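Chains, contacts and geometry: an overview
What follows is the residue order along each chain.
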Amino acid sequence: PPSLFQFDYIYWTGDLPAHDVWNQTRESQLQSLRHMVGLMLKYFPGKPVFPSLGNHESAPVNSFPPPYISGKYSISWLYDALADAWKNWLPKDALASVKTGAYYTVSPHPGFRIISLNMNYCNNENWWMLLNTTDPAGELHWLIGLLQHSEDVGEKVHILGHIPPGDSGCLRAWSWNYYKVVNRYQNIIAGQFFGHTHYDSFQVFYDEETLTVPVNVAYVAPSVTAYSGLNMGYRFYTMDGVYKNSSYQVLDHETYILNLTKANAELKMDWEFEYSAK
């Protein structure tokens, strides 16, 4: 599309390796990470990328021990590599929490903050969560502190992550606590962006008291992965712009898809405009 390089930054919501989970090792996962980061740097030079961690980056898949697990079961082999890869786009002060729990925050503009969550701490296939399903890495506690700070100083916030809260793959205790956080800070959370499902969808958050008043929305973009019965897709979001007292809300989004059946028949890849939310 003509607007391909007319954008400010990229939200990259995780799941880099192929889904041949039986054939993966720690080293092959790190190779995938380095390869994908290299492609982003090559094809989007100079563009800021704000990533979050998927559930397929570990080996074995879905295994993300809490930070207090040390020794041979520690996840530091992955989180240290993430910090090394993501330093291409993130400031040094964001990398400390990446090494601890693979979550971070960054403020690209005055008045605007991005918070990237590690949603594997709500992943119900992450058996380590049996030790603590509520807040295993102190991530929600950290999130609340950031949101309170943003409210105090008048910032708007975007939240990124992989597994959508409330999805069947996210632990209910974690999801409900997150829901309460969104309700409390609904006025400063200007957008939420997730992946994981491969489906093009959205989630509406309602007030806790009556569950009838919509207070926030999470956008779940389609995946560029070929997946059974689904078109591959990516999305452009149009945001309220960078100016004083901007809402930083999503004004529109446009989704582009690849019909894989057609591509195989014609032996060429043709990404086509599917729809605009407006």
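Reading the values: the criteria
- Residues numbered from 1 in each chain as written.
- Predicted model: local features only at pLDDT ≥ 70, side-chain atom pairs only at ≥ 80, totals over all residues.
- Heavy atoms only, no water.
- UniProt positions renumbered as here; feature names shortened; annotations may be inferred.
- Helix = DSSP H or I, 4+ residues; strand = E, 2+ residues; numbered from the N terminus.
- Buried < 20%, exposed > 50% of the residue type's maximum accessible area, 1.4 Å probe, protein only.
- Lys, Arg positive; Asp, Glu negative; His and termini not counted.
- Salt bridge = Lys/Arg side-chain N within 4 Å of Asp/Glu carboxyl O.
- Polar contact = N/O pair within 3.5 Å; in protein donor to acceptor, adjacent residues only side chain to side chain.
- Contact = heavy atoms within 4.5 Å.
- Pairing = 2+ DSSP bridges.
- Axes fitted to C-alpha atoms, helices over the stretch in contact; angles between N-to-C directions.
- Expected span 1.5 Å × (residues − 1).
- Arc of directions from axis to C-beta.
- Patch = residues over 30% accessible without salt bridge, like charges linked within 9 Å, V, L, I, M, F, W, Y side chains within 5 Å.
- Areas by Shrake-Rupley, 256 points an atom, 1.4 Å probe, with all protein chains shown as cover.

For the chain, the name recorded in an unreviewed UniProt entry is Sphingomyelin phosphodiesterase, with Elysia chlorotica as its organism. Recorded under Sequence similarities (unreviewed entry), the UniProt text for the chain is reproduced unchanged: "Belongs to the acid sphingomyelinase family." Regarding the chain, the relevant UniProt record gives this comment under Cofactor (unreviewed entry): "Zn(2+)".

1. Some thoughts on the side chain of Asp 135
Of note, Asp 135 is situated in the loop between β4 (112-116) and α4 (139-153). Although Asp 135 is buried, it makes no salt bridge; Lys 180 carries the closest opposite charge, 14 Å away. Within the structure, the side chain of Asp 135 is placed 2.9 Å from the backbone nitrogen of Glu 139, a separation counted as a polar contact. Here the side chain of Asp 135 touches Leu 140 through a polar contact of 2.9 Å, landing on its backbone nitrogen. With sequence-adjacent residues up to four places away left out, Asp 135 is seen in contact with Leu 140, His 141 and Trp 174.

2. Notes on the sheet that holds strand β10 (residues 250-258)
The strand order β9-β10-β11 describes an open sheet built from three strands, whose pairing is antiparallel. The sheet is open, and its two borders are formed by β9 (232-239) and β11 (271-276), each paired with just one other strand. Neighbour-to-neighbour, the strand axes of this sheet turn through a mean angle of 25 degrees, independent of strand direction. Relative to β11, β10 runs antiparallel, the two sharing five bridges. Bridge pairing in β11 places Thr 255 opposite Tyr 275.

3. Here's the deal with α4
Relative to the 21 Å expected for 15 residues at 1.5 Å per residue, α4 spans 21 Å between its end C-alpha atoms, a close match to the ideal helical length. Among the residues of α4, Glu 139, Leu 140, Leu 143, Leu 146, Leu 147 and Ser 150 are the ones counted as buried. Summarising the axial view, the buried residues of α4 lie within an arc of 120 degrees, below the 170-degree limit, and thus occupy one face. Looking at α4, the residues exposed on the side facing more than 90 degrees away from the buried face are His 141 and Asp 152. Against the buried residues of α4 lie β3 (104-109), β4, β5 (156-160), α5 (172-184) and β6 (189-194). Just downstream of α4, Gly 154 is the residue with a positive phi angle, here 85 degrees.

4. As for the UniProt feature "domain: Calcineurin-like phosphoesterase" (unreviewed entry) in the chain
If you check UniProt for "domain: Calcineurin-like phosphoesterase" (unreviewed entry), the listed places come out as residues 7-199 in our numbering. Across residues 7-199, the secondary structure splits into 35% helix and 15% strand, with the terminal C-alpha atoms separated by 23 Å.

5. Describing unusual backbone geometry
Residue Pro 60 is reached from Ala 59 by a cis peptide bond, and omega for that bond is -5 degrees. As for its position among the elements, Pro 60 is in the loop between β2 (49-51) and α2 (76-86). With a phi angle near 75 degrees, His 196 is a residue other than glycine that sits in the positive phi range. Here His 196 is to be found in the loop between β6 and β7 (201-206). Judged by relative accessible area, which is 23%, His 196 ranks as partly exposed.

6. Some words on the UniProt feature "domain: Sphingomyelin phosphodiesterase C-terminal" (unreviewed entry) in the chain
Per the UniProt record, "domain: Sphingomyelin phosphodiesterase C-terminal" (unreviewed entry) is annotated on residues 214-276. In residues 214-276, the share of helix is 11% and the share of strand is 48%. The end C-alpha atoms are 22 Å apart.

7. Section: the sheet that holds β6
One open sheet holds the six strands; their spatial order is β3-β4-β5-β6-β8-β7, and the pairing between them is mixed. Among the strands making up the open sheet, the edge pair consists of β3 and β7. Strand-to-strand twist across the sheet, computed as the mean angle between neighbouring axes with direction ignored, equals 20 degrees. Two strands pair when backbone bridges link them, and β5 and β6 are joined in this way by four bridges, in the parallel orientation. By the bridge assignment, His 158 is partnered in β6 with Gly 191.

8. Details of a nonpolar patch on the surface
Together, Phe 202, Val 204, Tyr 206 and Leu 211 make up an exposed nonpolar region whose accessible area comes to about 370 Å². Structurally, the position occupied by Val 204 is in strand β7.

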